[in-house]
Structures are given as C-alpha cells and as structure tokens.
Amino acid sequence: EGLPDGKVARCLDVLRVLSPSGRDLIRVVVEVVPELRDEAQEGEEGGGGKVAEEGGEDDASPSAIAVAKAPKPPEELTPEEQARADALDLRCLSLCIGMLERVNSGVQTFEENSALDGILSELIELAIKCKELEHRGKGLACPCL
C-alpha cells in the first residue's frame, strides 16, 4: 500500500541488479508476498503471529516460504474488506509478474524453483479463476503461462 504501483517495476529492477542470481530475486519476492498478506490480515484482525518461522536460507523449505495461510473466504468479508483483499491480490500479482519478467521466466523457472509452487497455486491460478476481469487479465498475462 505504501509503494505506488509505478515504482514497483523500478524497485524490482534495483533488486535484480543487487541480487546475485535470479533465484535470489525469486526468493525475496516469494518471502515478501506472504508478509504483505500477513500484515493485511493482522491489520484486519488486530494482531496475530507470523505464519512461517524464520530460519536460515538453507532451512527454508518451499512450504515454509510459500504463500501465507489462505485469507477468509470471500463470503465472510465485508465489501470494504473484499475491496482491500482484491487490491492486495492485484499488488502481489503485479509483484510476481514483474519478478518473473526479470528472471528466466516461464515454465522452466517453475520447474527449477519449487518455492514458486505456492505463488502459482495461491495467486496466479486463483487470479485466472477469478470473476473479476482485472484479476483474470493479470493472471493470464503472467509470463509463466
């Protein structure tokens, strides 16, 4: 919410230059997405703990750094909460698309990096299945398809 959408691409460019490899950029983004979602959920719920335990790079399993716990079902959300959740999903999706554009994107990236499984199933596939045209369009525009 703090960083304007127009600046996300530039920030990803800087992260790509600073990252020793595409794998590191992927790792950073895969870790940021759940944190963004957790912060949004904690703001709505008024607290809560972290979903994934922090550990060393070598200790991180794909499931530990995959997308955070699923949000409340849409039917349980107020219209205001649903609008915030939709905006957050679009932001996370834009972040992931930008990341995939900066690494050797495509199916090969997903085969080589199992940490992306959570991003694919929890974000990209859900966006494609979404009734909202903006979500579906972004999901279909993902370089991994």
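What you see is a predicted model, and the numbers here were worked out from it, not measured in a lab.

Draft legend 1. Representation of the overall build of the protein chain. Within the protein chain one finds seven helices and zero strands. When the helices and strands of the protein chain are read in sequence order from the N terminus, they spell out α-α-α-α-α-α-α. Within the protein chain, contacts between residues separated by at least 24 positions form 71% of all contacts whose residues are at least 6 apart in sequence. When the accessible area of the protein chain is evaluated, it comes to approximately 8,800 Å², of which 52% is carbon and sulfur surface.

Draft legend 2. Region of the structure containing the pattern of salt bridges. Using the criterion set out here, one finds five salt bridges in the structure. With a closest N to O distance of 3.0 Å, Glu80 and Arg84 form a salt bridge. Of the two residues, Glu80 and Arg84 both sit in helix 4 (residues 79–102), four residues apart, roughly one turn of that helix. A residue is classified by how much of its surface remains accessible, and Arg84, at 36% relative accessible area, is partly exposed. Taken together, the shared-partner salt bridges in this structure form one network comprising Asp13, Glu101 and Arg102.

Draft legend 3. How the structure looks around the packing of helix 4 against helix 6 (residues 117–129). Axis separation between helix 4 and helix 6 bottoms out at 10 Å; the angle between their running directions is 110°. Comparing the axis directions of helix 4 and helix 6 gives the class roughly perpendicular. In this structure, helix 4 meets helix 6 at a crossing whose hand is left-handed. For the pair helix 4 and helix 6, contact is made by Asp89, Cys92, Leu93, Cys96 and Leu100 and by Ile119, Leu123, Ile124 and Ala127, respectively. Here the contact of helix 4 with helix 6 is built from residues that sort into eight nonpolar, no polar and one charged.

Rules used in this analysis
Residues numbered from 1 in each chain as written. Predicted model: local features only at pLDDT ≥ 70, side-chain atom pairs only at ≥ 80, totals over all residues. Heavy atoms only, no water. Helix = DSSP H or I, 4+ residues; strand = E, 2+ residues; numbered from the N terminus. Contact = heavy atoms within 4.5 Å. Areas by Shrake-Rupley, 256 points an atom, 1.4 Å probe, with all protein chains shown as cover. Salt bridge = Lys/Arg side-chain N within 4 Å of Asp/Glu carboxyl O. Buried < 20%, exposed > 50% of the residue type's maximum accessible area, 1.4 Å probe, protein only. Axes fitted to C-alpha atoms, helices over the stretch in contact; angles between N-to-C directions. Parallel < 35°, antiparallel > 145°, perpendicular 65-115°, else oblique. Left-handed = near helix turned anticlockwise from the far one by under 90°. Nonpolar A, V, L, I, M, F, W, Y, C, P; charged D, E, K, R; others polar.

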